[in-house]
Amino acid sequence: MHSEMTVHEHHLDSNSTDVFGFWIYIMTDCILFGTLFTTFLVLNAQVQNGITLKTYLDLYDVLAETFLLLGSNFTFCLAILSLYQNKLLRVQAWLALTFLLGASFVFIEVNEFIHLATEGFSWDLNGHASSFFTLVGTHGLHVSFGLLWILMMIIQLPFLKITPITKRRMTYLGLFWNFLDIVWVFVFTIVYLMGAL
Amino acid sequence: MEHQDAGQPDYGTGQKKLGIYLIGVLSCSILTLISFWAVLSSQFTKGQIFLIIYSAACIQFFVQLICFLRLNTQTKQGQMNIMSFIFTGVILTSIILGSLWIMSNLNYNMMS
C-alpha cells in the first residue's frame, strides 16, 4: 500500500514538476522584459535630439492590437475548456481563431514598425528609438513564436489525440500565451499611452 | 494514471470555468477602454492621466493573473507558483526601481 502510494505520487509530482519548470521559465522571461522596460524608461527620460514617438503615434492602432491580443487570449481559454471536454474539433477551431487573432496582431505591429521607420522614427535614430524597437520587437517576437507553437498544436492534435501529454503541452502554451498578454498590458501603458502624453 | 484522467490535473492552474474567463475578458476590456479614453479625451491633467492608466494597468495585471493564469493558493503547486512569482517580483522591483533611482541621481548630479 505504502509503495503504491509513493509510485502514484511520484508520477503526479514529475508532471507537476515539469509545469513548475515551465512556470520558472515564464518568470525568467518576466525578468527579461523587466530589464527591457527599465532600459526604455531610462533612455526615455533624456531624449537628445527631440524626436520622440509622440509625433508618429496612432493610438487607435494600439487599441486594435490590444483587443486582438485580449480576444486571442480568451479564445485560447475556450480552446482549453473544449480540451477538458474532450472535443478535438472544437479545440482545433478555437486554436485556429486564436492563431488568426494573434497573426492580425503581429501584422498590425509589423506595419506600424515599417510606417515608423519610413516616416523617420528609425531604430538607429537615438537611444529612445532603439529601446522602443527592442522592447516592442521582443514582445512581437515572443508572440510570433507563440503563433508557431499554436500552429504545431493544431497539426499534432489530430495525430496524438487528447491525452494527458497533449493536455500538459496545452497547459504550457496557455501559460506562455496568457503571459504575453500580461506583458502587453504594460507595453501599451508604459510605451504607448505614456509616449502619447 | 486513472486518478489523473478522472480528476483532471490542474498543474496549479485551477479549475477551468467559462464564467471566470468571461469575467476576466470583460473586466480587462473595460480597464483597457478606461486607459485609452483617459489619454484620448484630453480633459485630464498629466498627473490625473498617470494615476488613471497606472491604476488601470495594475488592476488589469491582477485580473489577468487570477482569471487567465489562474494563480491560486488552493493546491500545493499553486502555492509554489505564487512563491516563485513573489520572488520574481522582488527581483524585478530591485532591478526597475533601483535602476531608475540610480539613473535619476546620476542625471541630477552630472547634468545640473
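K.L.:
Just to check I follow, could you spell out the overall build of chain B for this structure?
P.N.:
Broken down by element type, chain B carries four helices and zero strands. Start at the N end of chain B and walk to the C end: the helices and strands fall as α-α-α-α. The 112 residues of chain B split such that 21% are buried. Taking as baseline every contact in chain B between residues at least 6 positions apart, the subset at least 24 positions apart corresponds to 53%.

K.L.:
Would you mind showing me how to read the overall build of chain A here?
P.N.:
A count of helical and extended segments in chain A gives five helices and zero strands. Element order for chain A, N to C, with α for helix and β for strand: α-α-α-α-α. Projected onto its principal axes, the C-alpha positions of chain A cover 75 × 35 × 25 Å. Pairs at least 24 residues apart make up 84% of the contacts formed inside chain A by residues separated by at least 6 positions.

K.L.:
Even after reading the chapter, I still don't get the interface of chain A and chain B, so can you show me in this structure?
P.N.:
Think of interface size as the accessible area that goes away when the parts come together; that is how it is often given. Between chain A and chain B, the contact holds 39 residues from the first and 41 residues from the second. Those elements that provide at least two residues to the side of chain A that touches chain B are α1 (2-45), α2 (59-84) and α5 (164-195) of chain A. The dominant element in the side of chain A that touches chain B, judged by the number of residues it contributes, is α1 of chain A, at 16 residues. The residue makeup of the side of chain A that touches chain B, split by class, is 27 nonpolar, eleven polar and one charged.

K.L.:
It is not clear to me how the environment of Val25 of chain B should be interpreted in this structure. Could you clarify?
P.N.:
Secondary-structure assignment places Val25 of chain B in helix α2 (residues 18-40). Accessibility expressed as a C-beta count within 10 Å gives 20 for Val25 of chain B, which makes it buried. Sequence separation between Val25 of chain B and Gln64 of chain B is 39 residues, and the spatial gap between their C-alpha atoms is 8.5 Å. Those residues in contact with Val25 of chain B that lie beyond four places of it in its chain are Leu70 and Phe74 of chain A.

K.L.:
For this particular structure, what's the right way to read unusual backbone geometry?
P.N.:
For residues that are not glycine, phi is negative in most cases, and the peptide bond is trans in most cases. All names here are of chain A. In this structure, Asn86 takes a positive phi of about 60° despite not being glycine. Of note in this structure, Lys161 is not a glycine but carries a positive phi near 60°. Residue placement: Lys161 occurs in the loop between α4 (127-160) and α5.

K.L.:
Sorry, what's going on with the environment of Thr75 of chain A here?
P.N.:
Residue and element names in this part refer to chain A. When you line up the elements, Thr75 lands in helix α2. Separated by 47 residues in sequence, Thr75 and Ser122 place their C-alpha atoms 35 Å apart. Look past the residues within four positions of Thr75 in its chain and what remains in contact with it is Trp94, Leu97, Thr98 and Leu101.

K.L.:
Quick question: what am I supposed to make of the confidence of the model for chain B here?
P.N.:
All names here are of chain B. Across chain B, the average pLDDT comes to 84, with 85% of residues at 70 or higher. Per-residue pLDDT stays below 50 along residues 1-7; that stretch engages in three contacts with residues further than four places along the chain or on separate chains. ipTM for the predicted complex: 0.85, alongside a pTM of 0.87.

K.L.:
Whenever I open this one, the nonpolar core confuses me. Can you help?
P.N.:
Soluble globular proteins tend to pack their nonpolar side chains together in the buried interior. Core analysis: the biggest nonpolar cluster contains 60 residues, and Phe188 and Val191 of chain A have the highest contact counts within it. Breaking this core down by element, the ones donating at least two residues are α1, α2, α3 (88-119), α4 and α5 of chain A together with α2 and α3 (46-67) of chain B. It is α5 of chain A that provides the largest number of residues to this core, a total of 16 residues. Ignoring sequence-local partners within four residues, the contact set of Val191 of chain A consists of Phe40, Phe132, Leu135 and Val136 of chain A.

K.L.:
Would you mind going over α3 of chain B with me for this structure?
P.N.:
Since the α-helix turns once every 3.6 residues, residues separated by three or four places project in the same direction. Its 22 residues place the ends of α3 of chain B 31 Å apart at the C-alpha level, agreeing with the 32 Å of an ideal helix rising 1.5 Å per residue. Here α3 of chain B has its buried residues at Ile49, Ile53, Ala56, Gln60, Val63, Gln64 and Cys67 of chain B. Buried residues along α3 of chain B cover an arc of 95° about the axis, so they all sit on one side. Exposed positions of α3 of chain B whose direction lies more than 90 degrees from the buried face are Gly47 and Phe62 of chain B. Those residues of α3 of chain B hidden inside the fold are in contact with α5 of chain A together with α2 of chain B.

K.L.:
What is the right way to read the packing of α2 of chain B against α3 of chain B from this model?
P.N.:
What describes two packed helices is the angle between their axes and the distance between those same axes. Residue and element names in this part refer to chain B. With their axes 9 Å apart at the nearest point, α2 and α3 run at an angle of 165° to one another. As far as their axial angle goes, α3 and α2 are roughly antiparallel. Relative to α3, α2 is oriented so that their crossing is left-handed. Residues Ile20, Tyr21, Ile23, Gly24, Ser27, Cys28, Leu31, Ile34, Ser35, Ala38 and Val39 of α2 lie in contact with α3, whose contacting residues are Ile49, Ile52, Ile53, Ala56, Ala57, Ile59, Gln60, Val63, Gln64 and Cys67. Looking at the contact of α2 with α3 residue by residue, the classes come out as 16 nonpolar, five polar and no charged.

The rules we used
Chains are numbered independently. Their residues run from 1 in the order of the written sequence. A letter from A marks each chain and a number from 1 marks each ligand, given out in the order of writing. With pLDDT at 70 or above as the cut-off, local features in this predicted model cover only qualifying residues; side-chain atom pairs require 80 or more to be listed or tallied, and sums for whole chains, interfaces and linings still use all residues. For the purposes of this entry, the term helix denotes a DSSP run of H or I that reaches at least four residues, the term strand denotes a run of E that reaches at least two, and both are numbered from the N terminus. Burial in this document is a count-based property: other C-beta atoms within 10 Å of a residue's C-beta are tallied, and the residue is buried at 20 or more, exposed at 12 or fewer, or partly exposed in between, with C-beta positions derived from the backbone. By definition, residue pairs are in contact when their C-beta atoms, positioned from the backbone, come within 7 Å. Gly counts as polar in this scheme, as do all residues outside two lists: the nonpolar Ala, Val, Leu, Ile, Met, Phe, Trp, Tyr, Cys and Pro, and the charged Asp, Glu, Lys and Arg. One number per residue, pLDDT, summarises how confident the predictor is, and it ranges from 0 to 100. By our criterion, buried Ala, Val, Leu, Ile, Met, Phe, Trp, Tyr and Cys residues that link up through C-beta atoms within 7 Å make up a nonpolar core. To estimate the expected span of a helix, subtract one from its residue number and multiply by 1.5 Å. As used here, the arc is the angular range of directions from the helix axis to the C-beta atoms. Between N-to-C directions, angles span 0 to 180 degrees; the directions come from axes that are lines fitted to C-alpha atoms, helices contributing only their stretch in contact. Angles are sorted into four bins: roughly parallel if under 35 degrees, roughly antiparallel if over 145, roughly perpendicular if 65 to 115, and oblique for all others. By convention, the crossing between two helices is left-handed when the near helix turns anticlockwise from the far helix through less than a right angle, and right-handed when the turn is clockwise.

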